[in-house]
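Here is how the chains run, residue by residue.
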Amino acid sequence: MLIDISKFIQGKNLSEVDVHILQYIVDHMDTVLHKGVREIAKDNFTSPATVIRLSKKLGYTGFVDMYYKLLPMINKVEVPQASGTEDFLEISQKDFLIYNSMEDIELFISKVLQLKQKYIFIYATGFSAIAADYLYKKLLVLGRKTIFASGTDSIGVFENNLEDIGALVVISKSGETQMVIEKLQAAKEHHVFTASFTKETSNRIAELSDLNFKINDPNKLDDRNMLPSSYFPSLMLLFEFIFKQYLAQLGTKNGDE
C-alpha cells in the first residue's frame, strides 16, 4: 500500500529530491535499514550526504533515528485483518487525559465556552469540517455566539469578522493544513485566543495554538482517511467530555445563586 506523505512533509522545506528519497524510504521500510545510507543514495541517484541531510531536515539525529521514528507510523498504516475480536473503537474517559489535562479543559471553558460579547469562530477543512460542523451546532444549542467556516468558504468570512471574534477554534487531524495555519497566524496577529484539536504527534498547528488538544491517531500517515480509525470518534467524545465539564460548572453556579 503506497503511503501519502504530503501532509507529513508540509513546512519542512524539502527539495524534490528529498521528497523522492523519503517516499522511497517509506515505500521500502522492510529493506532500507539493511541497505543503509549508501545503497539508498545509489538507488536514488544521489549522495549519502543528501540522505543524512534529509533526516536532519525532518528533525531526526540521523538516518537510523529517522528509520526507527518512522517505523511505528508506517506499521500502523496497514489494512487491518477482519478478526471480529478486537474492539478498536473502545474509548474511555482516561484516554482523553493521556495527552490532555483537566487544566486544558478548564482553560477551554473559560476562554471559549464562557465568551459573552464576542463570537467563537470555528474553522476546519475536509473530514475535520464534519466534526467542526457538529461542534458548531452543539455550541449554537448551548446559546454560544458562533461562526463556522470551512475551506469552501471565502476567506472574507474570517477576515471581515476578526474584530468581533473572541476565540478561534480549529480542527486538523494532521496538524499541518496550510489554510488552518494561515487562520491561526492571522488570529494571533489580532491577539485572538486560539485553540486547536489535532493528532498527538508534533505539528505546526499545535505549536501555533494557545491551547492544543491532542487526540491519538492510530494511522498517523493515513491523511486521506482511507483506513478504519478511532481518531474522529475520539474527537467527538472529547467534545462531549468538555461539554459535560462545562454544564457541570453551570449547574454548580446556578445552585450557588
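Heads up: the structure comes first, above all this text.
Reading the values: the criteria
Residues numbered from 1 in each chain as written. Predicted model: local features only at pLDDT ≥ 70, side-chain atom pairs only at ≥ 80, totals over all residues. Heavy atoms only, no water. Buried < 20%, exposed > 50% of the residue type's maximum accessible area, 1.4 Å probe, protein only. Helix = DSSP H or I, 4+ residues; strand = E, 2+ residues; numbered from the N terminus. Arc of directions from axis to C-beta. Phe/Tyr/Trp six-rings, centres within 6.5 Å; stacked < 30°, edge-to-face > 60°. Axes fitted to C-alpha atoms, helices over the stretch in contact; angles between N-to-C directions. Parallel < 35°, antiparallel > 145°, perpendicular 65-115°, else oblique. Left-handed = near helix turned anticlockwise from the far one by under 90°. Contact = heavy atoms within 4.5 Å. Nonpolar A, V, L, I, M, F, W, Y, C, P; charged D, E, K, R; others polar. Pairing = 2+ DSSP bridges. Core = buried A, V, L, I, M, F, W, Y, C linked by side-chain atoms within 4.5 Å. Right-handed = clockwise from strand over helix to strand, strands pointing away. Polar contact = N/O pair within 3.5 Å; in protein donor to acceptor, adjacent residues only side chain to side chain. Salt bridge = Lys/Arg side-chain N within 4 Å of Asp/Glu carboxyl O.

1. Topic: helix 6 (residues 102–113)
Here is step 1: Along helix 6, the residues classified as buried are Asp 104, Ile 105, Phe 108, Ile 109, Val 112 and Leu 113. When helix 6 is viewed along its axis, its buried side chains cluster within an angular range of 140° and face the same direction.

2. Quick notes on the packing of aromatic side chains
Here is step 1: Within the structure shown, the criterion is met by 9 aromatic pairs.
Here is step 2: The interplanar angle of 75° and the centroid separation of 5.0 Å between the aromatic rings of Phe 121 and Phe 158 together place this pair among those described as edge-to-face. Remark: Phe 158 occurs in helix 8 (residues 156–159) and Phe 121 occurs in strand 1 (residues 119–124); sequence separation between them is 37 residues.
Here is step 3: The class of Phe 121 is buried, set by a relative accessible area of 0%.
Here is step 4: Here the aromatic rings of Phe 197 and Phe 213 are separated by 5.0 Å at their centres, their planes lie at 15°, and the arrangement is stacked. Remark: Phe 213 occurs in strand 5 (residues 211–215) and Phe 197 occurs in strand 4 (residues 193–199); sequence separation between them is 16 residues.

3. A short note on the packing of helix 2 (residues 32–43) against helix 3 (residues 48–57)
Here is step 1: Packing of helix 2 against helix 3 brings their axes to within 8 Å, and their N-to-C directions diverge by 110°. Judged by the inter-axis angle, helix 2 sits roughly perpendicular to helix 3. Like other packed secondary-structure pairs, helix 2 and helix 3 cross with a definite hand, here right-handed. When helix 2 is examined against helix 3, the residues Val 37, Arg 38, Ile 40 and Ala 41 are found in contact with a partner set consisting of Pro 48, Val 51 and Ile 52.
Here is step 2: Of the residues belonging to the contact of helix 2 with helix 3, the class tally is 6 nonpolar, no polar and 1 charged.

4. Brief notes about the sheet that holds strand 1
Here is step 1: Within the open sheet, the 5 strands sit side by side as 2-1-3-4-5. Their pairing is parallel. The outermost strands of the open sheet, each flanked by one partner alone, are strand 2 (146–150) and strand 5. The average undirected angle you get between the axes of adjacent strands in this sheet is 15°.
Here is step 2: Judged from the 5 bridges that link them, strand 1 and strand 2 form a sheet pairing that is parallel. Residue pairing for strand 2: Ile 120 is matched across the bridge by Thr 146.
Here is step 3: The sheet strands contacting helix 6 are strand 1, strand 3 (165–171), strand 4 and strand 5, and the helix crosses strand 5 at an angle near 130°.
Here is step 4: The strands touched by helix 7 (residues 126–141) are strand 1, strand 2 and strand 3; relative to strand 2, the strand with the most contacts, the crossing angle is about 170°.

5. Remarks on the nonpolar core
Here is step 1: Judged by nonpolar contacts, the single largest core of 33 residues is most densely connected at Phe 108, Leu 113, Val 169, Phe 197, Leu 235 and Ile 242.
Here is step 2: At the level of elements, helix 6, strand 1, helix 7, strand 3, strand 4, strand 5 and helix 11 (231–256) are the ones that each hand at least two residues to this core.
Here is step 3: If we skip the residues at most four places from it in the chain, Leu 113 touches Phe 108, Leu 139, Arg 144, Ile 242, Phe 243 and Tyr 246.
Here is step 4: Residues Tyr 24, Val 51, Leu 58 and Tyr 60 belong to the second largest nonpolar core, which totals 25 residues.

6. Let's talk about the packing of helix 1 (residues 16–27) against helix 2
Here is step 1: Axis separation between helix 1 and helix 2 bottoms out at 11 Å; the angle between their running directions is 150°. Here helix 2 runs roughly antiparallel to helix 1, going by the angle between their axes. Crossing angle aside, the handedness with which helix 1 passes helix 2 is right-handed. Of the residues in helix 2, those touching helix 1 at Ile 21, Tyr 24 and Ile 25 are Val 32, Lys 35, Ile 40 and Asp 43.

7. A closer look at the pairing of strand 2
Here is step 1: Within strand 2, 4 of the 5 residues are buried, which leaves it mostly tucked inside the rest of the structure.
Here is step 2: Crossover connection from strand 1 via helix 7 to parallel strand 2: handedness right-handed.

8. Quick notes on the side chain of Ser 128
Here is step 1: Topologically, Ser 128 is positioned in helix 7.
Here is step 2: At a separation of 3.5 Å, a polar atom in the side chain of Ser 128 contacts the main-chain amide nitrogen of Lys 173.
Here is step 3: Filtering out sequence-adjacent residues up to four positions away, Ser 128 remains in contact with Ile 171, Ser 172, Lys 173 and Phe 232.

9. As for the pattern of salt bridges
Here is step 1: A full pass over the atoms with the stated rule returns 7 salt bridges.
Here is step 2: When the shortest N-O distance is used, the salt bridge between Lys 57 and Asp 18 registers 2.6 Å. Taken as a pair, Lys 57 in helix 3 and Asp 18 in helix 1 lie far apart in primary sequence, 39 residues in all.
Here is step 3: Take Lys 57: its relative accessible area is 38%, and that puts it in the partly exposed class.
Here is step 4: In this structure, Glu 240 engages Lys 138 in a salt bridge whose closest nitrogen and oxygen atoms are separated by 3.2 Å. Here the residue Glu 240 occupies a position in helix 11, and Lys 138 occupies one in helix 7, the gap between them amounting to 102 residues.
Here is step 5: Overall, the relative accessible area of 27% leaves Glu 240 in the partly exposed class.

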